[in-house]
Amino acid sequence: MGDDTWDGLFPQKFFRSYFFPSFNVKDLHTVDDGILQHLYPTVDGGEWDLLIAHFLGVDHCGHKHGPDHPEMAKKLTQMNEMLRSLVDHLGNDTLLLVAGDHGMTETGDHGGDSEKEVNAALFVYSKTPLFGAHRPEEPETIPQVNLVPTLALLLGVPIPYSNIGEVMAELFSGDGGDASAALRQLSAYRLNARQVDRFLHSYSLAAQDLPAERLRHLRELFSAALEEHDRLLAHVQEGLPASPELEARLRRLVGRFQRYLWEARAVCMESWARFHPLRMVAGCALIAASCLLCCVASELAAALDFPYRSRLLYPLLWGLAVAALLGLGQLLTREGPDLVLVSAWAAAASQLAFFWPSWGHRPQRAHLAGVQPPVASAGLWRRLRAWQGPALPMGLLFLRCCAMFSDSFVVAEARVAPFLLASLATLLVGKLHWRGRLTAPEAPKQPPGAAFYQKESWQLLGLLAVLLACLRLSGLFHQCREEIPRCQPSPCLAPLSSLQSTQAKNLFYLLCVASLAGLVCAVQRWLRHYGNLNSASPLVLFVRWAFPLLAVWIACYWAVTSGAEDTLGKLQELVQVALVGFPRAVYGLASLGLLLALWTPVTVFVKDSRESVGPIVTPYQGAPSSQAELLHVIPQIYRRMQESLKSQLDRGHRRATVAAYGLGSVYSAALVIVLTVLGFLLLILHSERMSLSFLLLFLEAFVLLRIHACVVSLARDAEPFVVPWYAVTAWVFAATQFFYSTGHQPIFSAIHWNAAFVGFQQGHSTHLLPAVLVGANTFASHILFAVGCPLLLLWPFVCEAPNSQRRKLKKELREELQEEEEPMMEMRLRESPERFSAALLQLGLKYLFVLGAQLLACVWAAMILRRHLMVWKVFAPKFLFEALGFMVSSICLLLGIFLVMRVDCAVSAWFERLQPR
């Protein structure tokens, strides 16, 4: 009764329970009053062997007020009165133990390893005398693990298998002289020592982290103690009277058993609770320096004369050189290479080589047009103004990092991440409204384009509403942690085969297929809208025909798995073939699509008439002689196409001279295609109803991109080649949010191990492939958002294309300007290749900084709270999952940027083929 944590640790294990919510540390009385209501009737009833009453008032009072507050005196007085009354209700055969699970600092906190935090009082009482004629000396300290074997033997149950504690021998003395008391204590010690010896033996066979020499020494101590105990028992059974010599031998034997148990516990503690504070601090320093490097490099990358070779390539070479030298040195000393140590020194050398030039040289001031100068060179006011932009996202990121130090927030992170994302989006819209960006500039008369600003503002508010709806709906797919009492996991996590109702199964199946079809139709419609679905290239044909085929195969696989248990006879063999064939077909066809996206990523269709309208490129005659000339030629080719199309239309011709479909969205189209293919691959690794969550994922990503594009268009002074911090932070928050909304939790019990057998019903011969499948299932959201990160740079350019509604809204503005330049869309990126490369580098570094900051917070939390009660259950698993997520995201981010660069090279080659025409 009391703290509901017991129900989370041991669900359905108690014969009778009265649990009360314990999360609110400001509540001092609910748990205590609930216990007092049921404690005395339960004790008097006698229908129990073990009764646990976990009071929380003193603990909560320490957190809220501290140990010296008057409220603490009231709670302690209440506990004293409770104990005084409870003693009157105890029977003669009842043992009362009053203990604290931890201590308290001067501020009322706990979780560290100070003396005041790890020490707590222990009070043992019984109406029947516990000791014989001679009362034993009161021990100074008793390890908490000693309660385990003591309570087990007192209750008459076996000692738990993995116990390494020592029985409290004083409670087994009983009546009689010293010899009889020692014999009873030796019986308890023998049972305890045999259990510990059995555990150490089986553990040493499974793990190799305990020193062999120490184990051999412990085995010798145990064997010698057993032999001496057998001899003493034989001596006692002969009926010889007790003598001072026998009592001395008994005391020495008790000391032998105690020594064995002490040394066994010491060996285990040295191996299991072995921390290296120096290495921990060094690791945190390396991660912090890496985050600083990403932040500084992202700012320096904006400079036109940024020395990529000296600031990025040379530090990398320095790190590799240091790693090679250290590895060679360890090999020459006949020691195995310590990969952790070598990697740490290599990273430190790379960072030193990067930061060293900054000590003696200030960064150059030749920056991109429209980009602010370095913050360090401005005055205080300009510094504050420069940091107003990233203040909001950095503040929310700081709050998220601080939350990593609270086990309650880590447990509830599935609700924290959507809240932070919703707060960021809402505050961003509020900030725009505060600055007057949601309305047209003030003027004596209605300015041209006022309707455009009004329409964009309403569109932004509508997108915000859709985003909040997606965040709310994504909460329907969460997995539960055992630390959260009375939490029911989402029914969507279970496969359709678990449903008993045929009608419900068919309904959910239709919803899943509809979501799959909706995803395919939405992607194809977007590509068709921007003209990327008109050519006959292999990738376009794949999108036209393979996307529906992949959807059909996945739907067939879902149909087979949902009814596999109901098939009988010969159909069972066919079902087994389908369970293997459909997933492998999806794997193969999706892999083919990814290869096509790398081989021929250009999805542009050119329509050219036979009429000659002069050379396409005026500054250069013939084919470009160098790569630099080609980079400047490409935007002019695109502009010439637009001019040719416009001149032909102005003359009333039905057919344009040159028309290129999909060129303005060629980069985004390749990324969208690859993301959809990855979505198919990841979707088949999840249960059927997770398709609804994946549909929400793609919808929310699209909404975030549209919000970003709207903010850029409304900001008026935004630099299109710089992705703001709010967009990067929101993208990372969305990846974290959908980690939970795809049914995952940062705990090992929540891993979807069944993903390793999708398409491999008979198992695997190696561990690599199942690890990849389980990892892809676990970090699906990290993969999709990291690969799609370059869309944050590309999407505002894509949204430059005016649709029919924008043309109507800009009619007044066109009448004023008479001549309007057609939007270049993503071809504007080719006008300045250096800025394009710098923008990609800057975006990647910002993304890594946000990921690294979250990882650094998890590392700090695990290091500082390494003695915390929840370190192995909450903080350490969170650190491991965050580290793996960082690695997966970093690799996928590089793949996404590599895909954009591959498209860029393919576009250059495409223009080279077009030039002779």
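Residues numbered from 1 in each chain as written. Predicted model: local features only at pLDDT ≥ 70, side-chain atom pairs only at ≥ 80, totals over all residues. Heavy atoms only, no water.

Caption draft 1: Layout of the overall build of the protein chain. When you go through the protein chain residue by residue, the secondary structure sums to 32 helices and six strands. Burial statistics for the protein chain: of 917 residues in total, 46% are counted as buried. Across the protein chain, the fraction of contacts at a sequence separation of at least 24, relative to all contacts at a separation of at least 6, is 76%. Counting only carbon and sulfur atoms, one obtains 62% of the accessible surface of the protein chain, whose full area is about 47900 Å². (Helix = DSSP H or I, 4+ residues; strand = E, 2+ residues; numbered from the N terminus. Buried < 20%, exposed > 50% of the residue type's maximum accessible area, 1.4 Å probe, protein only. Contact = heavy atoms within 4.5 Å. Areas by Shrake-Rupley, 256 points an atom, 1.4 Å probe, with all protein chains shown as cover.)

Caption draft 2: Region of interest: the packing of aromatic side chains. Summed over all chains, the structure comprises 23 aromatic pairs. Each ring, one from F542 and one from F547, has its centre 6.0 Å from the other, and the planes form 80 degrees; the classification is edge-to-face. Owing to a relative accessible area of 0%, F547 belongs among the buried residues under this scheme. Here a set of aromatic residues connected by ring pairs shows up, and it is made of F739, Y740, F748, F779 and F881. The aromatic ring of F508 is capped on one face by R689, whose charged end is 4.7 Å from the ring centroid. (Phe/Tyr/Trp six-rings, centres within 6.5 Å; stacked < 30°, edge-to-face > 60°. Lys NZ or Arg CZ within 6 Å of the ring centre and 35° of its normal.)

Caption draft 3: Spotlight on the environment of N506. Inspection of the secondary structure puts N506 in helix α18 (residues 502-529). Among the residues examined, N506 registers a relative accessible area of 43% and is labelled partly exposed.

Caption draft 4: Highlighting empty space enclosed by the protein. This structure, assessed with the given rule, holds five cavities of 30 Å³ or more. Quantified by volume, the largest cavity comes out at close to 150 Å³. Looking at the lining of the largest cavity, the elements that each hand over two or more residues are α24 (725-741), α31 (833-864) and α32 (871-914). Here the residues of the lining of the largest cavity sort into nine nonpolar, four polar and three charged. Size it by volume and the second largest cavity reaches roughly 120 Å³. For the lining of the second largest cavity, the secondary structure elements donating two or more residues are α16 (413-434), α23 (690-715) and α24. (1 Å grid on protein atoms, 1.4 Å probe; cavity = no way out; pocket = protein on both sides within 12 Å on 5 of 7 lines; lining within 4 Å. Points joined across faces, edges and corners; volume = space filled by probe spheres on them. Nonpolar A, V, L, I, M, F, W, Y, C, P; charged D, E, K, R; others polar.)

Caption draft 5: Spotlight on the packing of α18 against helix α19 (residues 538-562). Running from amino to carboxyl end, α18 crosses α19 at an angle of 170 degrees, the nearest separation of the two axes being 11 Å. It follows that α18 is roughly antiparallel to α19 by the angle criterion. Here K505, Y509, C512, V513, L516, V520, V523, Q524 and L527 of α18 come into contact with α19, specifically with V543, R544, F547, P548, A551, I554, A555, C556, W558, A559 and S562. For the contact of α18 with α19, the residue count by class is 16 nonpolar, two polar and two charged. (Axes fitted to C-alpha atoms, helices over the stretch in contact; angles between N-to-C directions. Parallel < 35°, antiparallel > 145°, perpendicular 65-115°, else oblique.)

Caption draft 6: Local environment of the environment of V523. Tracing the sequence through the fold places V523 in helix α18. Along the chain, V523 and F698 lie 175 residues apart, while their C-alpha atoms are 9.9 Å from each other. Residue contacts for V523: discarding those within four places in its chain leaves F547, V672 and T676.

Caption draft 7: Molecular detail of the environment of F131. Its place among the elements puts F131 in the loop between β4 (122-126) and α6 (147-155). A residue is classified by how much of its surface remains accessible, and F131, at 27% relative accessible area, is partly exposed. C-alpha of F131 to C-alpha of S173: the two residues are 42 residues apart in sequence and 5.7 Å apart in space.

Caption draft 8: Representation of unusual backbone geometry within the structure. In this structure, Q12 takes a positive phi of about 60 degrees despite not being glycine. Counting through the fold element by element, Q12 comes out in the loop between α1 (5-9) and β2 (19-20). Judged by its relative accessible area of 77%, Q12 falls in the exposed class.

Caption draft 9: How the structure looks around helix α26 (residues 780-787). Counting buried positions along α26 gives eight out of eight residues, so the element sits mostly inside the fold. Here α26 has its buried residues at A780, S781, H782, I783, L784, F785, A786 and V787.

Caption draft 10: A look at the pattern of salt bridges. Counting across every chain of the model gives 15 salt bridges. Between E228 and R231 there is a salt bridge; the shortest N-O distance is 2.6 Å. Placement of both E228 and R231 in helix α8 (residues 212-237) is noted, with a separation of three residues, approximately one turn of the helix. E228 sits in the buried class, given a relative accessible area of 13%. (Salt bridge = Lys/Arg side-chain N within 4 Å of Asp/Glu carboxyl O.)

Caption draft 11: A look at the side chain of S298. Relative to the assigned elements, S298 resides in helix α10 (residues 277-300). For S298, a relative accessible area of 0% corresponds to the buried category. At 2.6 Å, the side chain of S298 and the backbone oxygen of C295 are in polar contact. Those residues in contact with S298 that sit more than four places away from it in its chain are W725, Q842, L845 and K846. (Polar contact = N/O pair within 3.5 Å; in protein donor to acceptor, adjacent residues only side chain to side chain.)

Caption draft 12: How the structure looks around the packing of helix α22 (residues 666-683) against helix α27 (residues 791-798). Where α22 meets α27, the axes come as close as 9 Å, and the angle between the chain directions of the two elements is 130 degrees. With respect to α27, the axis of α22 lies oblique. Pair α22 / α27 crosses with left-handed handedness. Judged by residue contacts, Y667, S668, L671 and L675 of α22 engage L791, L794 and V798 from α27. Across the contact of α22 with α27, the residue classes tally to six nonpolar, one polar and no charged. (Left-handed = near helix turned anticlockwise from the far one by under 90°.)

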